[in-house]
Amino acid sequence: LSQGVETEQTLSEVTMTAKVEGMVCEMCVRAVTKILTDEEAVETAEVSLEKGEVELTLKPGFSISEARIDELITKAGYTLVSISKTDV
């Protein structure tokens, strides 16, 4: 498994919303979307420039640490401000 990715017993859908600073254009959207969706645990990443947010949906049975999300956002050239998690 990738670093920072853990399997969980639950198969519920998990969404995470990350507040991100520094995204200003469609190239930013593409960069953040690509780096996050390349991660094994991430099913989808929907970026909103207007809100400065990224909504992640994780694959069933997977989780990803906040530290790993921070690492990926930073690697893409942006700053993670906060993150919230919702189990559906």
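Preceding this section is the structure that the text describes.
Attention here is on the structure that accompanies the text. (Residues numbered from 1 in each chain as written. Predicted model: local features only at pLDDT ≥ 70, side-chain atom pairs only at ≥ 80, totals over all residues. Heavy atoms only, no water.)

## What about the overall build of the chain?
- Of the regular secondary structure elements, the chain holds 2 helices and 6 strands.
- Each helix and strand of the chain, placed in order from N terminus to C terminus, yields the pattern β-β-α-β-β-β-α-β.
- Within the chain, buried positions represent 39% of all 88 residues.
- In the chain, once contacts between residues fewer than 6 apart in sequence are set aside, the share between residues at least 24 apart is 66%. (Helix = DSSP H or I, 4+ residues; strand = E, 2+ residues; numbered from the N terminus. Buried < 20%, exposed > 50% of the residue type's maximum accessible area, 1.4 Å probe, protein only. Contact = heavy atoms within 4.5 Å.)

## Describing the pattern of salt bridges
- Enumeration over the complete set of coordinates arrives at 4 salt bridges.
- For arginine 68, the salt bridge identified is with glutamate 71, shortest N-O distance 2.5 Å. Of this pair, arginine 68 and glutamate 71 both sit in helix α2 (residues 66–75), 3 residues apart, which is roughly one turn of that helix.
- Residue classification places glutamate 71 among the partly exposed residues on the basis of a relative accessible area of 38%.
- Bridged by salt links that share partners, the residues Glu39, Arg68 and Glu71 form one connected network. (Salt bridge = Lys/Arg side-chain N within 4 Å of Asp/Glu carboxyl O.)

## Focus on the nonpolar core
- Grouped together as the largest cluster of nonpolar side chains are 25 residues, with contacts concentrated most on Leu36 and Val54.
- Broken down by secondary-structure element, the contributors of at least two residues to this core are β2 (14–21), α1 (26–37), β3 (42–48), β4 (53–58), β5 (62–64), α2 and β6 (79–87).
- Take this core: its biggest share by element is 5 residues, from α1.
- With sequence-adjacent residues up to four places away left out, valine 54 is seen in contact with Met16, Thr17, Ala18, Val20, Met23, Val32, Leu36, Ala45, Glu46 and Val47. (Core = buried A, V, L, I, M, F, W, Y, C linked by side-chain atoms within 4.5 Å.)

Such coordinate-based values are descriptive only and should not be taken to indicate function.
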